[in-house]
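Fold and geometry: a report
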Protein chains: 2
Amino acid sequence: MKWITVPEEGLSLRDVRRLTERSVNLSAEVEASVSAILKDVRENGDAAVRALTEKFDGVTLSDFRVTEEEIEEALTLIEPGMLDVLKEARDNIAAFHQEQKKESWIKEFRPGVRLGEQYEPIQRVGVYVPGGLAAYPSTVLMDTVPAFVAGCPSVVMTTPPGKDGEVNPNILAAAYVSGVKEIYKVGGAQGIAMLAYGTETVEPVFKIAGPGNAFVAMAKRLVFGTVGIDMIAGPSEVCCVADGSANPEWIAADLLSQAEHDRRAAVFLITPDADFGKKVEEAMTRQTKERNRKDIIESSIGDYAKAFLCQTPEECFDIVNKIAPEHLEIELPDPEKYLPLVVNAGAIFLGKWTSEPLGDYMAGPNHTLPTSGTAAFSSPLGVYDFMKHSSVEIYNKEAFHAVAPKVMKLALAEGLDAHAAAVEVRYNEQ
Amino acid sequence: MKWITVPEEGLSLRDVRRLTERSVNLSAEVEASVSAILKDVRENGDAAVRALTEKFDGVTLSDFRVTEEEIEEALTLIEPGMLDVLKEARDNIAAFHQEQKKESWIKEFRPGVRLGEQYEPIQRVGVYVPGGLAAYPSTVLMDTVPAFVAGCPSVVMTTPPGKDGEVNPNILAAAYVSGVKEIYKVGGAQGIAMLAYGTETVEPVFKIAGPGNAFVAMAKRLVFGTVGIDMIAGPSEVCCVADGSANPEWIAADLLSQAEHDRRAAVFLITPDADFGKKVEEAMTRQTKERNRKDIIESSIGDYAKAFLCQTPEECFDIVNKIAPEHLEIELPDPEKYLPLVVNAGAIFLGKWTSEPLGDYMAGPNHTLPTSGTAAFSSPLGVYDFMKHSSVEIYNKEAFHAVAPKVMKLALAEGLDAHAAAVEVRYNEQ
């Protein structure tokens, strides 16, 4: 873990960005290869999807839609008790996300002027779910439950098939629990292309959510505009602000839980207590040896772990806000009092019992969070990502007459005389 | 105007898309040229901005920040009464957008489990404002007022200089009225690059909003991820649903007001009344001759105007929802009763007095709207585009113990034993 002693005047945004930046996977080759896949699926539909699945996943599928029988079989293959745990997670996620639902409204702002917003769910949305080693049923719940809470009438999922042509049973069980009935065994850029453009057998969607590898991320970037996308997820990170009152073993374990995700994951410890920091570091080294994914952990810790030594809480949170971490743990005495100091973070975990993995699985808020500093300008995935609204504008005759000359004045100042004329033709007729 | 008689069984989404699609400006050459500009500004900062402004705008600026004196001078150059109209527009926009502001909340969902959302304005945002022929003070208000309502502490604007090195006085007056104090005379892709990466003299922003030409749109697309962006605006359109009870002259004028924007603008008339439609078409032909921008209008009408002849209101709104128009006018008797039939539209203008240009300037809702069918998955620009939130999660000891075994079960099912360990280390210590 690299140590940085923060000077009294703090660090600039530029300094913090340089200290926390990571390698980026996007390359011109990935773009060229993904562009070719998108074009192929757009032009050749199902045949392209089938051929690309054969090429990249090594399986030949005559029908790439998951059948009801496959879902029923998956339910018999999962661990005992798993279905109940998935249902409890689903209920917690639904309860939290219910708070995000928006209602339509219309209100009179001025005499004769009624304005409002009409909310509607997006009519058809697609969720990409990674397969292989990163097959996470929690992601299925986190990405589809908000769509159902939003009221989306059509929620479709796509995920790469395994070598045996089947989907991980935990993934199918999570889809079952969430209520997703239309599931395809198509991964990678071809999965994104199938959702964005549609094929002979698959209707296109209007928006795509969900994480994926570099090819999936590039495909989402390239179809953005044709469809909406949730975000381009970068490498993730956790940031702990803790002092000597915290248990170093617990903090170390939390940091490792983020490091195991990815060689490009980053962990940040921000503390006013150097001795405590050293204890965390020792515990990290010791605990890493016991972890299954210790190679990944050692790699990400070696490259991207940083400890910032600060003097005051204000200094600590200044660094936090410049990092804009995906996950922020505050393990200081009376942690809630520091909330007003947090400006940029994806999710904030307060106090020693709120270990970050609780939020990954069971708490209820979404675990799809802005990564790599994008929390400075974006929010967790939510119901708002699966709804949209129209403005509603209603003027009566008197209100129209009161405003007409001003609208004409502005339109003519902008050189748009057809705009002015549309108002004038009504104004003249009285 | 091309006429389409909608068959009894309706038209498919694919059919409607084919009938309403327009040429797209994005090209590989634009991408290559914009990429080079972004790289140049990123590496060479102010010097690159200065050189590119010389190259593209033909002016040499030692200092590209607009001075207080320039703003004061602009206020003396605008038409009498213009400042008051701009202020009234600002107040109406602010009043409507105030309704969109979100407050932070925390609530107990289960015993010992408190969850919430902490809202914050984005700390620094940039707004691009086009210059030249498309220098619209209304755009300044529409893009910056919501940022101020959101509470953004730093709102910066950039716009191309004219040949004389000055900015259009109406643009500066609108910025003054809105409260923008940091304004740069930098246009095109170099303006976007300056905002996204910063230079020696300009701090980078976290999010960029505002329309622009093909170079600006491509630059926004390419910096997306480094910063947030509002949307990629495509060619715009208006859709009128009207029957014989409407005044064909008024409908024609409304359609022309959209057509004058751009050769790629589209206008759609959807009606159950062929005779009425013919009257609208005749009025459009007649009125076009009187308009200043008749070349643009003739071009966009010639290429992209369509009339859909339907049997029932349900049929009309089925076409509307498949078009997902930026602007929708409903000029049928008792227009409000059709609101429940509208699923996809950027802004809905109800009744004969609510001519679309009212919404462009004075009504209050934003005129920056999803174009080219993107209203199927996105919303008008709003305060929510200038705020973001963090999830807040707080468990007490008892709540932690109740959930810990379930979290461990899910983490282990996903092969993430460091996640399970972070929970276990707390669970074991009791």
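- Chain A goes by Histidinol dehydrogenase in an unreviewed UniProt entry, where it is assigned to Dialister hominis.
- As stated in UniProt under Catalytic activity (unreviewed entry), the record for chain A gives "L-histidinol + 2 NAD(+) + H2O = L-histidine + 2 NADH + 3 H(+)".
- In its Pathway (unreviewed entry) section, UniProt records this for chain A: "Amino-acid biosynthesis; L-histidine biosynthesis; L-histidine from 5-phospho-alpha-D-ribose 1-diphosphate: step 9/9."

**Observations regarding the overall build of chain A**
- Looking only at helices and strands, one finds 15 helices and 14 strands in chain A.
- In chain A, the proportion of contacts linking residues at least 24 apart, taken out of those at least 6 apart, comes to 75%.
- Looking at chain A as shown, the accessible area adds up to about 15700 Å², and 50% of this sits on carbon and sulfur atoms.
- Here chain A holds 42 positive side-chain charges and 64 negative ones, and the gap between their average locations is 4 Å.

**A few points about the interface of chain B and chain A**
- Between chain B and chain A, the residue contacts involve 125 residues of the former and 126 residues of the latter.
- Taking both sides of the interface into account, the surface hidden between chain B and chain A amounts to around 11100 Å²; carbon and sulfur atoms contribute 58%.
- Here Glu99(A) makes a salt bridge to Lys107(B), at a shortest N to O gap of 2.6 Å.
- Linking chain B with chain A are 76 residue pairs in polar contact (both at pLDDT 80 or more).
- Broken down by element, the residue count for the side of chain B that touches chain A peaks at 10 residues, all from helix 14 (residues 397-413) of chain B.
- Inspection of the sheet shows strand 13 (residues 347-350) of chain A paired to strand 14 (residues 387-395) of chain B by four bridges, in the parallel sense.

**Examining unusual backbone geometry**
- The backbone of Ser372(A) sits at a positive phi, close to 55 degrees, despite the residue not being glycine.
- Along the chain, the position of Ser372(A) falls in the loop between helix 13 (356-361) and strand 14 (387-395).
- We classify Ser372(A) as partly exposed; its relative accessible area is 36%.
- Positive phi is not limited to glycine here, since Ala324(B) has a value of about 50 degrees.
- In this fold, Ala324(B) is placed in the loop between helix 12 (313-323) and strand 12 (327-331).
- Judged by its relative accessible area of 1%, Ala324(B) falls in the buried class.

**Topic: empty space enclosed by the protein**
- Under the definition given, this model contains four cavities of 30 Å³ or more.
- Contributing to the lining of the largest cavity are 49 residues, with Lys207(A), Tyr384(A), Asp385(A), Lys207(B) and Asp385(B) lying nearest its centre.
- Elements with a contribution of two residues or more to the lining of the largest cavity: strand 8 (228-229) and strand 14 of chain A together with strand 3 (113-121), strand 8 (228-229) and strand 14 of chain B.
- Here the residues of the lining of the largest cavity are counted per class, giving 23 nonpolar, 15 polar and 11 charged.
- Roughly 50 Å³ of internal volume is contained in the second largest cavity.

**Section: the pattern of salt bridges**
- Under the counting rule described, the total for this entry stands at 38 salt bridges over all chains.
- With its nearest N and O atoms 2.6 Å apart, the salt bridge here joins Glu336(B) to Arg114(A). Here Glu336(B) is found in the loop between strand 12 and strand 13 (347-350), whereas its partner Arg114(A) is found in strand 3 (residues 113-121) on a different chain.
- Judged by relative accessible area, Glu336(B) falls into the partly exposed class, the value being 32%.
- For Arg114(A), a relative accessible area of 29% puts it in the partly exposed group.
- Residue Lys185(B) pairs with Glu70(B) through a salt bridge whose shortest N-O separation is 2.6 Å. Here Glu70(B) lies in helix 3 (residues 68-77) and Lys185(B) lies in the loop between strand 6 (182-184) and helix 7 (188-197), a separation of 115 residues in the sequence. Taken individually, Lys185(B) and Glu70(B) each receive the classification buried, so the pair is uniform in this respect.

**Focus on the packing of helix 2 (residues 28-57) of chain B against helix 7 of chain B**
Residues and elements named next belong to chain B.
- At a closest axis distance of 8 Å, the pairing of helix 2 and helix 7 adopts a crossing angle of 135 degrees. Judged by the inter-axis angle, helix 2 sits oblique to helix 7. Handedness of the helix 2/helix 7 crossing: left-handed. For the pair helix 2 and helix 7, the contacting residues are Val34, Ile37, Leu38, Val41, Arg42, Val49, Leu52, Thr53, Phe56 and Asp57 in the first and Ala189, Gln190, Ala193, Met194 and Tyr197 in the second.
- Considering only residue class, the contact of helix 2 with helix 7 consists of 11 nonpolar, two polar and two charged.

Here is what the cut-offs are and how they apply
Residues numbered from 1 in each chain as written. Chains lettered and ligands numbered in written order. Predicted model: local features only at pLDDT ≥ 70, side-chain atom pairs only at ≥ 80, totals over all residues. Heavy atoms only, no water. UniProt positions renumbered as here; feature names shortened; annotations may be inferred. Helix = DSSP H or I, 4+ residues; strand = E, 2+ residues; numbered from the N terminus. Contact = heavy atoms within 4.5 Å. Areas by Shrake-Rupley, 256 points an atom, 1.4 Å probe, with all protein chains shown as cover. Lys, Arg positive; Asp, Glu negative; His and termini not counted. Charge placed at Lys NZ, Arg CZ, Asp CG, Glu CD. Buried area = accessible area lost by both parts, 1.4 Å probe. Salt bridge = Lys/Arg side-chain N within 4 Å of Asp/Glu carboxyl O. Polar contact = N/O pair within 3.5 Å; in protein donor to acceptor, adjacent residues only side chain to side chain. Pairing = 2+ DSSP bridges. Buried < 20%, exposed > 50% of the residue type's maximum accessible area, 1.4 Å probe, protein only. 1 Å grid on protein atoms, 1.4 Å probe; cavity = no way out; pocket = protein on both sides within 12 Å on 5 of 7 lines; lining within 4 Å. Points joined across faces, edges and corners; volume = space filled by probe spheres on them. Nonpolar A, V, L, I, M, F, W, Y, C, P; charged D, E, K, R; others polar. Axes fitted to C-alpha atoms, helices over the stretch in contact; angles between N-to-C directions. Parallel < 35°, antiparallel > 145°, perpendicular 65-115°, else oblique. Left-handed = near helix turned anticlockwise from the far one by under 90°.

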